[in-house]
Amino acid sequence: MKNRQKRFSFIGLGFLLIAGAAALVLSAFEDNIVFFHSPTEIVNKFRAQKLKPAQRLRVGGLVEKGSVTKVSDGATNRFKVTDLNNSIIVEFRGILPDLFREGQGIVAEGFYQNNIFNATDVLAKHDETYMPPEVAEALKKSGQWKPQ
Amino acid sequence: MIIESGHFVLILSLLMAFLQSTVPMIGVHLRNNQLMAIAAPAAIIQFVLILGSFLALTYAYVVSDFSVINVTSNSHTAKPLLYKVSGVWGNHEGSMLLWALILSGYGAAIALFGGNLTPTLKVRVLGVQAMLGVGILAFILFTSNPFLRVFPAPENGSGLNPLLQDPGLAFHPPLLYLGYVGLSLTFSFAVAALIEGRVDAAWARWVRPWTLAAWGFLTGGIVLGSWWAYYELGWGGWWFWDPVENASFMPWLAATALLHSSIVSEKRDSLKSWTIFLAIVAFGLSLLGTFLVRSGVITSVHAFASDPTRGVFILLLLVVTIGGAFLLFAWRGPSLKTDGIFHPVSREGGLILNNFILTIAAASILLGTLYPLFVDVLELGKVSVGAPYFESVFVPMMIPMIVVMGIAPFLRWKRGDFNKTTNKLKVVGVISLIGGCFVWLIVDRSSALSSLGIALSIWLFSATFVELTSRIKLFQVPLKDSMRSIIRQPRASWGMTFAHMGLAIAVAGITASSTWKVESIQVMKFGDQVKVAGYTYTLKEVRKVQGPNYIATRGIFSVKKGDNFNVTLKPEKREYQTRTMVTTEAAIYSTFFGDLYAVVGDRDENSGGYITRIYFNPLVPWMWAGAILMVLGAAISLTDRRHRVGAPARNANIGTSQVIVK
């Protein structure tokens, strides 16, 4: 092989790899992007029938005070997440994160079906003074945001 | 008084860094040896000053001086000494001070041990290192000063976040920073070489060990963090593709690529502009990581209370540093001539392919990590990109990489013999295929990808092993000669063997633990039994236990399998008094085939039982073992004498480095 051929073989390989990676990235983006909604948006979209049952969502807001209960199997937690205008019921099976508390901002990821948000993950923060930006966003949208 | 002195020497260190970044650089320009001679002592003094400042802050933590705001908000008298000390870097201000300390430490190391560098290069490296120092020290002094006082001093502090009160996490930040910031040195070398307009094998010979050291620390730091998440967060997982984890993983990928390309630059005097480019990118990703963690722009489970002005400052630092370096690269890069000519099938070819894949993988992780930010800025809504994206992009990219990792070490420089290599690897290929088929047929038919993962692990491990045996000519020469040559193998080759085998073992652990994890969540009363992966768990009792600064609810499980296996697991839920915060302490018992993992949760008021979460995490210990082997590989390789002898001084007298510039 001549030097030029050698160089082209590397450039060709590079392009091939980049094209492959781009294909992977694009298909992964199509399937795996999760949109964030506030409780009000979920309620409105659900009423307007704009939510597909199999669509993965994120919801953020405050855990409504006094709403945390257990479903009859004992291992499933049920609570309300609110943006102080609307709230939705969230169910999560398992042990809630350590920083989960009533009144605290959380983000839940899962599916909305039959008026219940079935969460597969519940995120609370490592630091109790921190408000997730998504929760802040939900409160701003509902006009209930009070900066400290 | 000590606090004010700490603050004062920090200001002095900023001035020193400024001096170090300007005067010697002018000296190089004017060919003035006296001005150039300032660089090395300035670097050492700068380090000593920051060390003094750091010790002053540590002192404030140890004696619990609550007149310092930083101590008040992050410490408490009722905290064990270890966590008082680790509390110094368990917060934003202190951790940035540690950053600056390590940055200047690397500078001082070059000043002390860089005797056989060309004098101009040494001065320029120190100059660039000091510029970074100016940026970070200004950042600390203007936006994140740890020495601010409060009056009157409160009685007690609010304590360190209990999640951070853990031996694993006490050492996670220093290790990670040694890695992150270690890349600053290769960055400084790259920029200095661009200013100098000359990159030769000697330059690469210098860059290699420092990259290796940074890589080793970074690997250790990431693994320690992952291990902590595994046993502390009680989710049974060890990697969540969270933005902050990605922030440490991207520089790791770039550093891995840099590690390999610098070998080509050193041995073959080739790939030089690529190596420089990677050095800039690797440190750029470190800075980006710092920005992502410290600014809180992206939702992350790791996000700490953040302050927008700090984010803007780091972003500015990032743009100036990396933008400047790239401009310099665009200007000077084309003049870097590459001499090495090689065939695509050669060790260079293999290393280039590895570099391609690692860089593209880092780029696609970057894309996924920053995508929510782009979408947010364009006001298209708030989105998140989670684990499924990263897994479906990253995993397929690693498949060709591991295949090549098995082959490339066999190939010779310049031009490799493909047929000879495939002959040597035939058996290895067959063994891996059998291993993969075995897993698919016997263990699990639902997941072809995991069978492939195990096959790749076997492939890499045995190929690396065969490569070692062919290097020492095992069974081709008398065994005694082989044994003799095993001792004579260069340490750097041992490093490669260890690191590649470590990765192979880790791949098996990663594959198994992410596919065949068994999870069981239930409410258990005393005496209740649950069977998970063949082990029978019985909840014996739950009792309250008093710790040094917490009260724990401790569950006691007896775990049985057959007649011989009987262990007790004691997971806890700890309630810290000072912060009214709860942490989960998973109980883990490691066996060769996997971890038994139990977590105890809240009491269920209706039934009187406790929620428990029990996992069987197959081959997780393999992952840690593999990671330890990788770090060990880096350490062994670092002891290679060849790394320490500078190429230009090899024949000259090493002591006489104060050569006058021609």
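Residues numbered from 1 in each chain as written. Chains lettered and ligands numbered in written order. Predicted model: local features only at pLDDT ≥ 70, side-chain atom pairs only at ≥ 80, totals over all residues. Heavy atoms only, no water.

(A) Focus on the overall build of chain B. A count of helices and strands for chain B gives 20 helices and 11 strands. Against the compact-globule benchmark of 26 Å for 662 residues, chain B has a radius of gyration of 27 Å, which places it among compact chains. Projecting the C-alpha coordinates of chain B onto the three principal axes gives extents of approximately 85 × 75 × 55 Å. Scored against the burial criterion, the 662 residues of chain B give a buried share of 60%. (Helix = DSSP H or I, 4+ residues; strand = E, 2+ residues; numbered from the N terminus. Rg over C-alpha atoms; globule rule 2.2 N^0.38 Å. Buried < 20%, exposed > 50% of the residue type's maximum accessible area, 1.4 Å probe, protein only.)

(B) Representation of the packing of helix α3 (residues 39-62) of chain B against helix α7 (residues 119-143) of chain B. All names here are of chain B. It is at 10 Å that the axes of α3 and α7 come closest, and there the two elements cross at 30°. Comparing their axes, α7 and α3 come out roughly parallel. In the crossing of α3 with α7, the sense of the turn from one axis to the other is left-handed. Residues Ala39, Ala40, Ala43, Gln46 and Ile50 of α3 pack against Lys122, Val123, Leu126, Gly133 and Leu137 of α7. Residues that form the contact of α3 with α7 fall into these classes: seven nonpolar, two polar and one charged. (Axes fitted to C-alpha atoms, helices over the stretch in contact; angles between N-to-C directions. Parallel < 35°, antiparallel > 145°, perpendicular 65-115°, else oblique. Left-handed = near helix turned anticlockwise from the far one by under 90°. Contact = heavy atoms within 4.5 Å. Nonpolar A, V, L, I, M, F, W, Y, C, P; charged D, E, K, R; others polar.)

(C) Local environment of the environment of Arg310 of chain B. All names here are of chain B. Examined against the element boundaries, Arg310 turns out to sit in helix α12 (residues 308-332). According to the relative accessible area criterion, Arg310 is buried, its value standing at 11%. Counting along the chain gives 15 residues from Arg310 to Ser295, while the straight-line C-alpha distance between them is 6.5 Å. Among the polar contacts listed, one links the side chain of Arg310 to the side chain of Glu93, at a separation of 2.9 Å. (Polar contact = N/O pair within 3.5 Å; in protein donor to acceptor, adjacent residues only side chain to side chain.)

(D) Here's a closer look at helix α8 (residues 167-196) of chain B. Residues and elements named next belong to chain B. Between its terminal C-alpha atoms α8 stretches 45 Å, which fits the 44 Å expected from 30 residues at 1.5 Å a residue. Counting buried positions along α8 yields 24 of 30 residues, so the element is predominantly enclosed. For α8, the side-chain oxygen to backbone nitrogen distance between the N-cap and Gly168 is 2.8 Å, and the N-cap itself is Asp166. Note on α8: the residue one or two positions beyond its end, Gly197, has a positive phi of about 75°. (Expected span 1.5 Å × (residues − 1).)

(E) Quick peek at the side chain of Ser346 of chain B. By the secondary structure assignment, Ser346 of chain B is in the loop between α12 and α13 (347-377). Beyond its immediate chain neighbours, meaning those up to four positions away, Ser346 of chain B contacts Leu411, Arg412, Trp413, Lys414, Arg415 and Gly416 of chain B.

(F) Summary view of the packing of helix α16 (residues 448-471) of chain B against helix α18 (residues 491-515) of chain B. Residues and elements named next belong to chain B. Orientation of α16 relative to α18, taken along the N-to-C sense of each, is 165°, at an axis distance of 9 Å. With respect to α18, the element α16 is oriented roughly antiparallel. In this structure, α16 crosses over α18, and the sense of that crossing is left-handed. Among the residues making up the contact of α16 with α18, the classes are represented as 13 nonpolar, nine polar and two charged.

(G) Main features of the domain arrangement of chain B. Residue and element names in this part refer to chain B. According to the domain assignment, chain B contains domain 1 (1-165), domain 2 (179-415), domain 3 (416-516 + 622-631) and domain 4 (518-619). The C-alpha-based centres of domain 1 and domain 4 are spaced at 43 Å. Tallying the contact residues gives 12 residues for domain 1 and six residues for domain 4. Between domain 1 and domain 4, the buried area comes to about 770 Å², and carbon and sulfur atoms account for 57% of it. Our enumeration of links across domain 1 and domain 4 arrives at zero salt bridges. Counting across the domain 1 and domain 4 interface gives two residue pairs in polar contact (both at pLDDT 80 or more). (Domains from an automatic or database assignment. Buried area = accessible area lost by both parts, 1.4 Å probe. Salt bridge = Lys/Arg side-chain N within 4 Å of Asp/Glu carboxyl O.)

(H) Region of interest: the domain arrangement of chain A. According to the domain assignment, chain A contains domain 1 (1-32) and domain 2 (35-141). Taking only C-alpha atoms, the centre of domain 1 of chain A and the centre of domain 2 of chain A are 41 Å apart.

(I) Inspection of empty space enclosed by the protein at higher detail. Taken as a whole and assessed by the stated rule, the structure comprises five cavities of 30 Å³ or more. Size it by volume and the second largest cavity reaches roughly 50 Å³. Taken together, the residues that form the lining of the second largest cavity break down as six nonpolar, two polar and two charged. (1 Å grid on protein atoms, 1.4 Å probe; cavity = no way out; pocket = protein on both sides within 12 Å on 5 of 7 lines; lining within 4 Å. Points joined across faces, edges and corners; volume = space filled by probe spheres on them.)

(J) Broad picture of the packing of aromatic side chains. Tallied over the full model, the rule gives 36 aromatic pairs over all chains. On the basis of an interplanar angle of 5° and a centroid distance of 5.2 Å, the ring pair of Trp241 of chain B and Phe390 of chain B is categorised as stacked. Separated by 149 residues along the polypeptide, Trp241 of chain B in the loop between α9 (201-232) and α10 (243-268) and Phe390 of chain B in helix α14 (residues 387-407) bring together distant segments of the chain. Judged on exposure class, the residue Trp241 of chain B and its partner Phe390 of chain B are both buried. Site record: aromatic cluster; members linked through ring pairs are Phe29 of chain A together with Trp215, Trp239, Trp241, Phe249, Trp252, Tyr371, Tyr389, Phe390 and Phe394 of chain B. Arg332 of chain B extends its terminal NZ or CZ atom over the ring of Trp331 of chain B, reaching a point 4.8 Å from the ring centre. Between Lys561 of chain B and the ring centre of Tyr535 of chain B, over which it is positioned, the NZ or CZ distance is 4.7 Å. (Phe/Tyr/Trp six-rings, centres within 6.5 Å; stacked < 30°, edge-to-face > 60°. Lys NZ or Arg CZ within 6 Å of the ring centre and 35° of its normal.)

(K) Representation of the pattern of salt bridges within the structure. Residue and element names in this part refer to chain A. Evaluated as defined, the whole model comprises 20 salt bridges over all chains. For Arg56, the salt bridge is made with Asp121, and the minimal N-O distance between the two is 3.8 Å. Residue Arg56 is located in the loop between α2 (39-47) and β2 (57-63), and its partner Asp121 is located in strand β7 (residues 116-123); the two are separated by 65 residues in the primary sequence. The class of Asp121 is partly exposed, set by a relative accessible area of 37%. Salt bridges linked by common partners bring Arg56, Arg58, Glu109 and Asp121 together as one network.

(L) Summary view of α9 of chain B. For α9 of chain B, built from 32 residues, the straight-helix expectation of 46 Å at 1.5 Å per residue is met to within 8% by its first-to-last C-alpha distance of 46 Å. Looking one or two residues beyond α9 of chain B, the residue adopting positive phi is Gly234 of chain B, at roughly 70°.

(M) Highlighting the interface of chain B and chain A. The partner chain A presents 42 residues to the 57 residues of chain B that form the contact. For the pair chain B and chain A, the interface holds zero salt bridges. For the pair chain B and chain A, the interface holds three residue pairs in polar contact (both at pLDDT 80 or more). Going through the elements one at a time, α13, β1 (383-385), α14, β2 (518-524), β8 (581-585), β10 (594-603) and β11 (610-618) of chain B are the ones with two or more residues in the side of chain B that touches chain A. Split by residue class, the side of chain B that touches chain A holds 32 nonpolar, 18 polar and seven charged.

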